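Below, each chain spelled out in residue letters.
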Amino acid sequence: MPHSQQPTAEKVRIKGVRVLSDDWAILKKTTFEFLRRDGSWQETTRETYDRGDGATILLYNLKRRTVVLTRQFRYPAFVNGHPSGMLIEAAAGRLDRASPEERIRAEAEEETGYQVSDARRVFEAFMSPGSVTERVHFFVAEYDNEAKTRPGGGNHAEGEDIEVLEIPFAAAMRAIEAGEIQDGKTIMLLQYAFIHLFPAAATTPEPAAIRS
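Source: prediction; values computed, not measured. (Residues numbered from 1 in each chain as written. Predicted model: local features only at pLDDT ≥ 70, side-chain atom pairs only at ≥ 80, totals over all residues. Heavy atoms only, no water.)

## Focus: the overall build of the protein chain
Going by this rule: Numbering goes from the N terminus for both helices and strands, where a helix is a DSSP run of H or I of at least four residues and a strand is a run of E of at least two. Relative accessible area decides the class of each residue, using a 1.4 Å probe on protein chains only: under 20% of the type maximum gives buried, over 50% gives exposed, and in between gives partly exposed. Note on contacts: a residue pair qualifies if any of its non-hydrogen atoms lie within 4.5 Å across the two residues. Computed with a 1.4 Å probe, the accessible areas rest on the Shrake-Rupley method; for each residue, only the protein chains presented here act as cover.
Along the backbone of the protein chain there are 4 helices and 10 strands. When the elements of the protein chain are put in sequence order from the N terminus, they spell out β-β-β-β-β-α-β-β-α-β-β-β-α-α. Counting every position in the protein chain, which comprises 212 residues, the buried fraction comes to 38%. In the protein chain, the proportion of contacts linking residues at least 24 apart, taken out of those at least 6 apart, comes to 60%. Of the roughly 12,700 Å² of accessible surface on the protein chain, 48% is carried by carbon and sulfur atoms.

## Some points on the nonpolar core
Grouped burial of nonpolar side chains is what soluble globular proteins tend to show. Here is the rule: Only buried Ala, Val, Leu, Ile, Met, Phe, Trp, Tyr and Cys residues count toward a nonpolar core, and they belong to the same one when joined by side-chain atoms within 4.5 Å.
Formed by 24 residues in total, the largest nonpolar core has its most connected members in Leu58, Val67, Leu69, Ile181 and Leu190. With 15 residues, the next largest nonpolar core counts Leu59, Val68, Ala91 and Ala108 among its residues.

## Looking at the packing of aromatic side chains
Heads up, the rule is: Between 30 and 60 degrees the pair is tilted, below 30 it is stacked and above 60 it is edge-to-face, where a pair is any two Phe, Tyr or Trp rings, Trp via its six-membered ring, whose centres lie within 6.5 Å. Either the NZ atom of lysine or the CZ atom of arginine qualifies as a charge over a ring when it sits within 6 Å of the ring centre and within 35 degrees of the ring normal.
Under the definition given, this model contains 7 aromatic pairs. Between the aromatic rings of Phe169 and Phe198, the centroid separation amounts to 4.3 Å while the plane-to-plane angle is 25 degrees, which identifies the pairing as stacked. Of this pair, Phe169 sits in helix 3 (residues 169-177) while Phe198 sits in the segment after helix 4 (184-196); the two residues are 29 residues apart in sequence, bridging distant segments of the chain. A residue is classified by how much of its surface remains accessible, and Phe169, at 0% relative accessible area, is buried. Members of the aromatic cluster, each reached through a chain of ring pairs, are Tyr60, Phe169 and Phe198. A cation sits over an aromatic face here: Arg13 above Trp41, 3.6 Å from the ring centre. It is Arg94 that lies over the ring of Trp24; its NZ or CZ is 4.3 Å from the centre.

## Examining unusual backbone geometry
Excluding glycine, residues mostly have negative phi values, and the peptide bonds linking residues are mostly trans. In this structure, Arg65 takes a positive phi of about 55 degrees despite not being glycine. Tracing the sequence through the fold places Arg65 in the loop between strand 4 (54-61) and strand 5 (66-73). According to the relative accessible area criterion, Arg65 is partly exposed, its value standing at 36%. Phi at Arg97 takes a positive value of approximately 70 degrees, unusual for a residue other than glycine. Tracing the backbone shows Arg97 in the loop between strand 7 (91-94) and helix 2 (100-112).

## Structural notes on helix 2
Our working definition: A helix is expected to span 1.5 Å for every residue after the first. Think of the arc as the fan of directions from the helix axis to the C-beta atoms.
For helix 2, with 13 residues, the first-to-last C-alpha span of 17 Å sits near the 18 Å given by 1.5 Å per residue. Within helix 2, burial applies to Pro100, Arg103, Ile104, Glu107, Ala108, Glu111 and Thr112. Buried residues of helix 2, viewed axially, fall in a sector of 130 degrees; they line one side. Contact partners of the buried residues in helix 2: strand 4, strand 5, strand 7, strand 8 (120-126), strand 9 (135-142) and strand 10 (163-168). Remark: Gly113 follows helix 2 within two positions and exhibits a positive phi of approximately 90 degrees.

## Structural notes on the pattern of salt bridges
Note the threshold: By convention in these notes, a salt bridge is any Lys or Arg side-chain nitrogen within 4 Å of a carboxyl oxygen on Asp or Glu.
Per the counting criterion, the structure on display carries 10 salt bridges. Where Arg121 meets Glu101, a salt bridge forms, and the shortest distance between an N and an O atom there is 2.6 Å. One end of the pair, Arg121, is in strand 8; the other, Glu101, is in helix 2, and 20 residues separate them in sequence. What makes Glu101 partly exposed here is its relative accessible area of 26%.

## Let's talk about the packing of helix 3 against helix 4
Selection rule: Between N-to-C directions, angles span 0 to 180 degrees; the directions come from axes that are lines fitted to C-alpha atoms, helices contributing only their stretch in contact. Between 65 and 115 degrees an angle is taken as roughly perpendicular, under 35 as roughly parallel, over 145 as roughly antiparallel, and anywhere else as oblique. A clockwise turn of the near helix away from the far one marks a right-handed crossing, whereas an anticlockwise turn of less than a right angle marks a left-handed crossing.
Between helix 3 and helix 4, the shortest axis-to-axis distance is 11 Å and the interhelical angle comes to 130 degrees. Considering their axes alone, helix 3 and helix 4 lie oblique with respect to each other. Considering only the axes of helix 3 and helix 4, their crossing is left-handed. Across the interface between the two elements, Phe169, Ala172, Met173 and Ile176 from helix 3 touch Ile187, Leu190, Gln191, Ala193 and Phe194 from helix 4.

Geometric values such as these leave the question of function open.
Structure representation (structure tokens):
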């Protein structure tokens, strides 16, 4: 769907901005007027959480029909009803003033141990546009055993304790249906891989369970 032809500056009037929190990220409360389609202006208040933009990557091996994912504890998922809080995810991280390509290569090596030389950007997405400003850059890259340069596991100083998983692609797709993979960015990358990288892989008999 094409973007609106009307300039954003003519549709939004910022009335006031208040910072509610400025710690790990910035939480703001903004009051603004928005020009509705009927020509009337409506005043609205929204809270936005700004943690910066991010990047994520799916490492895949076409010959072996495998992907590399991670498993780590996510407190927000745990407090919202996930039994263990241990989510299976694609490697990812915040940009922190680096380019998406630079950051995702560094994050992939830090989290999975694989050195990525040719990361291909496939799309971008706002993951929770109702309240979070973050735009995520999605990448894919092929890997092989020679690219494994370190154990992975994440940054201990940042509280990361990441398990590296190399699993059959078909098992990863079945894990989505089984509820074993519930992370949004990971589901999006696996669906992209199903359509564009190896669409026949999901028909290969593989167990749904993902184990260490």
